Amino acid sequence: MDQLFNSVFVHRHRDVDPDIRARCIMCLGECIAKYKTKFFENPYLKYLGWSLNDKEHVVRLAAVEALAVLFDQHQVTELEMFTNRFRD
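First, a word on scope: everything that follows refers to the structure included in this document. (Residues numbered from 1 in each chain as written. Predicted model: local features only at pLDDT ≥ 70, side-chain atom pairs only at ≥ 80, totals over all residues. Heavy atoms only, no water.)

## Some words on the side chain of Arg21
In plain terms, the rule: Under the DSSP-based scheme used, a helix requires at least four consecutive residues in state H or I and a strand at least two consecutive residues in state E, with every element numbered from the N terminus. The buried label applies to any residue whose accessible area, calculated with a 1.4 Å probe on protein chains only, is under 20% of its type's maximum; exposed applies above 50%, and partly exposed to all values in between. For the purposes of these results, a polar contact is taken to be a pair of N or O atoms within 3.5 Å, where, inside protein, one atom must be able to donate a hydrogen and its partner to accept one; residues adjacent in sequence count only when each atom of the pair is a side-chain atom. Every residue pair with non-hydrogen atoms within 4.5 Å of one another is taken to be in contact.
Along the polypeptide, Arg21 turns up in helix H2 (residues 18-34). Its relative accessible area of 6% is what places Arg21 among the buried residues. Within polar-contact distance, the side chain of Arg21 engages the side chain of Asp54 at 2.9 Å. Ignoring sequence-local partners within four residues, the contact set of Arg21 consists of Arg12, His13, Arg14, Asp15, Val16, Asp54, Glu56 and Val59.

Right, here's the structure in full:
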């Protein structure tokens, strides 16, 4: 799983095509929501935070939607460090 993440996602989340970047963020959000024990950690969450500052609105929207799912799942206390880091 780590090899797939490092060989595909790490490179495609910076793709020149905003639709590819958005799709990467959507998929990451789904993975975090479904596989919390593996992906609900700062090394993965940081990509959602970085995407909040993407120049394309479609990527920012994908990040907000992914985070909304996590907050809806009552992960507020677990996301406190993330929120403090990316709130500005």
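Let's pick the thread back up.
## Examining H2
Convention followed: Helix span, expected: 1.5 Å multiplied by one less than the number of residues in the helix. As used here, the arc belongs to the directions running from the helix axis to the C-beta atoms.
In a regular helix each residue adds 1.5 Å, so 17 residues correspond to 24 Å; H2 covers 24 Å between its end C-alpha atoms and thus fits that length. Every buried residue of H2 is listed here: Pro18, Arg21, Ala22, Cys24, Ile25, Leu28, Gly29, Ile32 and Ala33. An end-on view of H2 places all buried positions within 165 degrees of arc, on one side of the element. Residues of H2 that are exposed and point more than 90 degrees away from the buried face comprise Asp19 and Lys34. Where the residues of H2 are buried, they touch helix H1 (2-12), helix H3 (36-39), helix H4 (42-51) and helix H5 (57-72).

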